[in-house]
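# Chains, contacts and geometry: an overview
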Amino acid sequence: MTEAFFNLKKTAAVGVDGVAWSEYERDVEANIADLHDRIHRGAYRAKPSRRQWIPKPDGRQRPLGIASLEDKIVQQATLWVLQSIYEQDFLGFSYGFRPGRSPHDALDALSVAMTGKRVNWILDADIEGFFDAIDHAWLIKFLEHRIGDRRILRLIRKWLRAGVNEEGQWSQTTVGAPQGAVISPLLANVFLHYVFELWIE
């Protein structure tokens, strides 16, 4: 977990909870030990994400969810565990938010497929507001196919239900995974794996 702290440190100077990385780092070993203990006792509480709006090229705005410092640390440690499981399951044509893969790799693979095989059609789809619309109940069901540890599932539920803090006002989240959270891209890929990619294959 200490390694997760130093890898995440560069993402923000201050966490959503107002705790500065430099302040947390001063006694990092004790802070990580305390966090580890709270997780194992069930006393760890996920904090609401801070809502930030990012302008999109078309004039609309994309909601970004900024997690607290400790949530980022725990999410990164959880991500490492889940990636080792799901990287075995995800299909070869899945490129988004995966280690060692990029949009350029996806375009290269598409080019090779189009020039090396007979292609009758190409499906180009963009799921509008995907991160904001992920169904929590279905996501947990999908995760339960591979994750038997109830503690991991409990952590994920805590992050999904933590809500959003926007200008000092808390609001409940019943769907979606906050864009900007460390764990969200993997959760999105798990959801897509079951509802879209297995069907495509």
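Scope of this entry: the structure provided in the associated data block. (Residues numbered from 1 in each chain as written. Predicted model: local features only at pLDDT ≥ 70, side-chain atom pairs only at ≥ 80, totals over all residues. Heavy atoms only, no water.)

Look at helix α8 (residues 150-161): 16 Å from first C-alpha to last across 12 residues, which is about the 16 Å you get at 1.5 Å a residue. Within the span of α8, buried status applies to Ile152, Leu153, Leu155, Ile156, Trp159 and Leu160. Buried residues of α8, viewed axially, fall in a sector of 155 degrees; they line one side. Taken together, the buried residues of α8 touch α4 (69-86), α7 (136-144) and α9 (184-200). Just downstream of α8 lies Gly163, where phi reads positive at about 85 degrees. (Helix = DSSP H or I, 4+ residues; strand = E, 2+ residues; numbered from the N terminus. Expected span 1.5 Å × (residues − 1). Buried < 20%, exposed > 50% of the residue type's maximum accessible area, 1.4 Å probe, protein only. Arc of directions from axis to C-beta. Contact = heavy atoms within 4.5 Å.)

What follows deals with the environment of Arg101. Tracing the backbone through its elements, the reader meets Arg101 in the loop between α4 and α5 (103-116). Those residues in contact with Arg101 that sit more than four places away from it in its chain are Leu91, Gly92, Ser94 and Tyr95. Here Ser94 takes part through its backbone oxygen, which lies 2.8 Å from a polar atom of the side chain of Arg101. (Polar contact = N/O pair within 3.5 Å; in protein donor to acceptor, adjacent residues only side chain to side chain.)

Its identity as a non-glycine residue notwithstanding, Phe97 has a phi of 55 degrees, on the positive side. Given the relative accessible area of 56%, Phe97 is considered exposed. With a phi angle near 55 degrees, Glu167 is a residue other than glycine that sits in the positive phi range. Tracing the chain through its elements places Glu167 in the loop between β3 (164-166) and β4 (169-171).

This part covers the pairing of strand β1 (residues 49-55). Sheet topology note: the β1/β3 ladder contains two bridges and is parallel. Its bridge partner being in β3, Arg50 is matched across the sheet by Asn165. Pairing of β1 with strand β2 (residues 61-66), which is carried by six bridges, proceeds in the antiparallel orientation. Bridge pairing in β2 places Gln52 opposite Leu64. In this structure, the hairpin formed by β1 and β2 is closed by a connection of five residues, where Gly59 is found at a positive phi of approximately 95 degrees. (Pairing = 2+ DSSP bridges.)

A surface patch of nonpolar side chains, amounting to about 620 Å² of accessible area, comprises Phe93, Trp121, Leu123, Trp199 and Ile200. For Ile200, a relative accessible area of 35% puts it in the partly exposed group. (Patch = residues over 30% accessible without salt bridge, like charges linked within 9 Å, V, L, I, M, F, W, Y side chains within 5 Å. Areas by Shrake-Rupley, 256 points an atom, 1.4 Å probe, with all protein chains shown as cover. Salt bridge = Lys/Arg side-chain N within 4 Å of Asp/Glu carboxyl O.)

Taken as a whole and judged by the stated rule, the model has eight aromatic pairs. Ring geometry for Phe130 against Phe131: centres 5.9 Å apart, planes inclined by 70 degrees, an arrangement best described as edge-to-face. Judged by its relative accessible area of 15%, Phe130 is buried. With 6.2 Å between their ring centres and 55 degrees between their planes, Phe130 and Phe191 make a pair best called tilted. One end of the pair, Phe130, is in helix α6 (residues 130-133); the other, Phe191, is in helix α9, with 61 residues separating them in the sequence. (Phe/Tyr/Trp six-rings, centres within 6.5 Å; stacked < 30°, edge-to-face > 60°.)

As summarised here, the arrangement of the four strands in space is β2-β1-β3-β4, forming an open sheet in which the pairing is mixed. Edge positions in the sheet fall to β2 and β4, since each of these pairs with one other strand and no more. Geometrically, the sheet is characterised by an average inter-axis angle of 40 degrees between neighbouring strands, direction not taken into account. (Axes fitted to C-alpha atoms, helices over the stretch in contact; angles between N-to-C directions.)

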